[in-house]
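Here is how the chains run, residue by residue.
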Amino acid sequence: DVDSVSTSTNRKVIKSGYIEMETKVFDQAINEIVIRTSIAGGYVEGSNITGRRINSKGSSENRSASFKLRIPQSRFEDFLLEFGNIGNVILNRSGGDDITFRYYDNEARLKTLEIQEDRLLEILKKGEKVEDIIELERELSNIRYEIENLTGTLKKWDDLISYATLDVQVYEVQE
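Model, not experiment: these values are computed from the prediction. (Residues numbered from 1 in each chain as written. Predicted model: local features only at pLDDT ≥ 70, side-chain atom pairs only at ≥ 80, totals over all residues. Heavy atoms only, no water.)

Caption draft 1: Quick look at the nonpolar core. Core analysis: the largest hydrophobic core is formed by 20 residues, its most contacted members being Ile33, Leu69, Phe83, Leu166, Val168 and Val170. Those elements that place two or more of their residues in this core are β1 (13-23), α2 (26-39), β5 (64-72), α3 (76-81) and β7 (163-172). Among the nonpolar cores identified, the runner-up in size contains 15 residues, and Ile99, Leu120, Leu124 and Ile143 belong to it. (Core = buried A, V, L, I, M, F, W, Y, C linked by side-chain atoms within 4.5 Å. Buried < 20%, exposed > 50% of the residue type's maximum accessible area, 1.4 Å probe, protein only. Helix = DSSP H or I, 4+ residues; strand = E, 2+ residues; numbered from the N terminus.)

Spelled out as structure tokens, the structure:
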């Protein structure tokens, strides 16, 4: 029930963050981010690193990198603090999306549908008329479709809750 969920410590929160930083030692900072992500038990979901370009005036433009990191939620807050040791953090933003009620609503709907599916299967075993069997199979097909959708949503949410998402932007600077 709603009261027990609101007082419960088992909140379902999807955490995310964004860090923007500068560094004079670009290659070292990039390596450090990847290593620390691994040590934290996380992984790099995506990255984009741009190299030096010579512009029309003949001078080179600094490099930049962007990462999408997935960090175990239990390590997320500590992991954010480590960026001060890698470079000059210019922006550090984090937050969470509390999906507790939606999560438990979907879980309850899933259980109800599974019970309905079991009942229909029992009735189907006893079915004798062809039109009844066809109707029951049609209804079972709809229920299974809904069960698959809810199961997929819950699995996706479990992943997003377990591993926070952190977007990191790194800029190379000379001074």
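From this point, the narrative continues.
Caption draft 2: Spatial organisation of the environment of Ser162. Among the secondary structure elements, Ser162 is positioned in helix α5 (residues 130-162). It is 24 Å that separates the C-alpha atoms of Ser162 and Gly84, two residues lying 78 residues apart in sequence. Beyond its immediate stretch of four places on either side in the chain, Ser162 contacts Ile71, Pro72 and Gln73. For Ser162, the side chain forms a polar contact with the main-chain oxygen of Asp158, separated by 2.8 Å. (Contact = heavy atoms within 4.5 Å. Polar contact = N/O pair within 3.5 Å; in protein donor to acceptor, adjacent residues only side chain to side chain.)

Caption draft 3: Quick peek at the pattern of salt bridges. Under the definition given, this model contains 13 salt bridges. Glu122 serves as the salt-bridge partner of Lys125, at 3.4 Å between the closest nitrogen and oxygen. Of the two residues, Lys125 and Glu122 both sit in helix α4 (residues 100-126), three residues apart, roughly one turn of that helix. Look at Lys125 and you get exposed, because its relative accessible area is 66%. The residue Arg138 makes a salt bridge to Glu135 at a minimum N-O spacing of 2.8 Å. On the criterion of helical spacing, the pair formed by Arg138 and Glu135 is a turn pair, its members being three residues apart in helix α5. (Salt bridge = Lys/Arg side-chain N within 4 Å of Asp/Glu carboxyl O.)

Caption draft 4: Examining the side chain of Thr37 more closely. Examined against the element boundaries, Thr37 turns out to sit in helix α2. Apart from residues no more than four positions distant in its own chain, Thr37 is found in contact with Gly42, Tyr43, Val44, Leu69, Ile71 and Phe79.

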